[in-house]
Amino acid sequence: MGKIISIVNQKGGVGKTTTAINLSASLAVLDYKVLIIDTDPQANAGSGIGIDSKDQKNNIYTSLVGQTNLKDCIVHTQIPNLDLISSHIDLAGFELEIVNQVAREYILKEIIQDIKEDYDFILIDCSPSLGLMVINSIVASDSVLIPVQCEYFALEGIAKLQNTIDIIKKRLNPSLVMEGYVLTMYDARTNLSKMVVDDVKKYFESLCFDTIVPRNVKLAEAPSYGVPALLMFSGEKDGEFDIKFLENKGAISYIDLAKELLKRNNLAEIKESDGGK
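Below or above, wherever it landed, is the structure these notes cover.

**Describing the overall build of the protein**
Move 1: Summing up its helical and strand segments, the protein has 11 helices and 10 strands in all.
Move 2: A globule of 277 residues ought to have a C-alpha radius of gyration of about 19 Å, and the protein, at 18 Å, matches this closely.
Move 3: Out of the 277 residues belonging to the protein, those deemed buried represent 54%.
Move 4: When contacts within the protein are restricted to residue pairs at least 6 apart in sequence, those whose partners lie at least 24 apart make up 78%.
Move 5: A total accessible area of about 13200 Å² is found for the protein, and carbon and sulfur atoms account for 50% of it.
Move 6: Seen as two clouds, the 28 positive and the 38 negative side-chain charges of the protein have centres 5 Å apart.

This is how it looks when you write it as structure tokens:
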């Protein structure tokens, strides 16, 4: 299948990386083979699943500039079915390096083709901008998923973002589709959150996922332990980590989101792998 989804929003702090980590882990738990490509120079997607970008000699930057093959950048995480291509601080200057390059918007698309069919889903965690790196990510993708924070200011930039996506679709990636809008950081105690949910669902209708991600302590704490919110590692046994599942509202919401994503793509909730489960 090899579906590539960019997680995009030019506003920071809306839950892009949290969504990339926890949605990927949820799909992996449901037995789908998943790759996260971190294209944010802050490299938080890697640290959020226990991988320090500083330790990775090969990363998305070295591949984009032609120093390494993208396959050589893949790191297997401690979570079965979940791999990562880490980012690097040098990616911050990548846009300046390619500003005069021919077909500069297609660099990521060209190098990603070699690995696309190795995964069921490839999720690209984008930086909070609408720069050349984000454009590269959208051009390389089959669809775009947009996290929307349940706050007033989060709504202001959506029109501009949607306009940018429409332009990219028209000029650079005609097959691009909108995967949907995911409402994040929902606080049921506030009228504002409820108002934002009503407005987004009214405006985007079927493009808005039914699953709403709540503001949740476990989602906020998990990156400090280097694991997604739905997992914890309780020690090492014979060279392998013992994985235990945690039940919390944040983790459950991303499992529900993963199931909804699979349903939208006409896929089973749990993939039938060779040999079964």
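From this point on, the discussion continues.
**Observations concerning the packing of helix H1 (residues 16-29) against helix H11 (residues 249-264)**
Move 1: Across the interface, H1 lies against H11 with an axial gap of 8 Å and an inter-helix angle of 70 degrees. As summarised for this structure, H1 and H11 are arranged roughly perpendicular, according to the angle between their axes. Contacts between H1 and H11 involve Thr-18, Thr-19, Asn-22, Leu-23, Ser-26 and Leu-27 from the former and Tyr-254, Ile-255, Leu-257, Ala-258, Leu-261 and Leu-262 from the latter.
Move 2: Its residues placed into classes, the contact of H1 with H11 shows eight nonpolar, four polar and no charged.

**So, the packing of aromatic side chains**
Move 1: Summed over all chains, the structure comprises three aromatic pairs.
Move 2: For the pair Tyr-181 and Phe-204, a centre-to-centre distance of 3.8 Å together with 25 degrees between the ring planes defines the contact as stacked. Placement of Tyr-181 in strand E7 (residues 177-186) and of Phe-204 in helix H9 (residues 191-204) is noted, with a sequence separation of 23 residues between them. As far as burial versus exposure is concerned, Tyr-181 and Phe-204 are alike and both buried.
Move 3: Grouped by ring-pair contacts, the aromatic residues Tyr-181, Tyr-203 and Phe-204 constitute a single cluster.
Move 4: If you follow Arg-264 out to its NZ or CZ, it ends over the ring of Phe-209, 4.0 Å from the centre.

Rules of the game
- Residues numbered from 1 in each chain as written.
- Predicted model: local features only at pLDDT ≥ 70, side-chain atom pairs only at ≥ 80, totals over all residues.
- Heavy atoms only, no water.
- Helix = DSSP H or I, 4+ residues; strand = E, 2+ residues; numbered from the N terminus.
- Rg over C-alpha atoms; globule rule 2.2 N^0.38 Å.
- Buried < 20%, exposed > 50% of the residue type's maximum accessible area, 1.4 Å probe, protein only.
- Contact = heavy atoms within 4.5 Å.
- Areas by Shrake-Rupley, 256 points an atom, 1.4 Å probe, with all protein chains shown as cover.
- Lys, Arg positive; Asp, Glu negative; His and termini not counted.
- Charge placed at Lys NZ, Arg CZ, Asp CG, Glu CD.
- Axes fitted to C-alpha atoms, helices over the stretch in contact; angles between N-to-C directions.
- Parallel < 35°, antiparallel > 145°, perpendicular 65-115°, else oblique.
- Nonpolar A, V, L, I, M, F, W, Y, C, P; charged D, E, K, R; others polar.
- Phe/Tyr/Trp six-rings, centres within 6.5 Å; stacked < 30°, edge-to-face > 60°.
- Lys NZ or Arg CZ within 6 Å of the ring centre and 35° of its normal.

On their own, these measurements won't tell you what the molecule is for.
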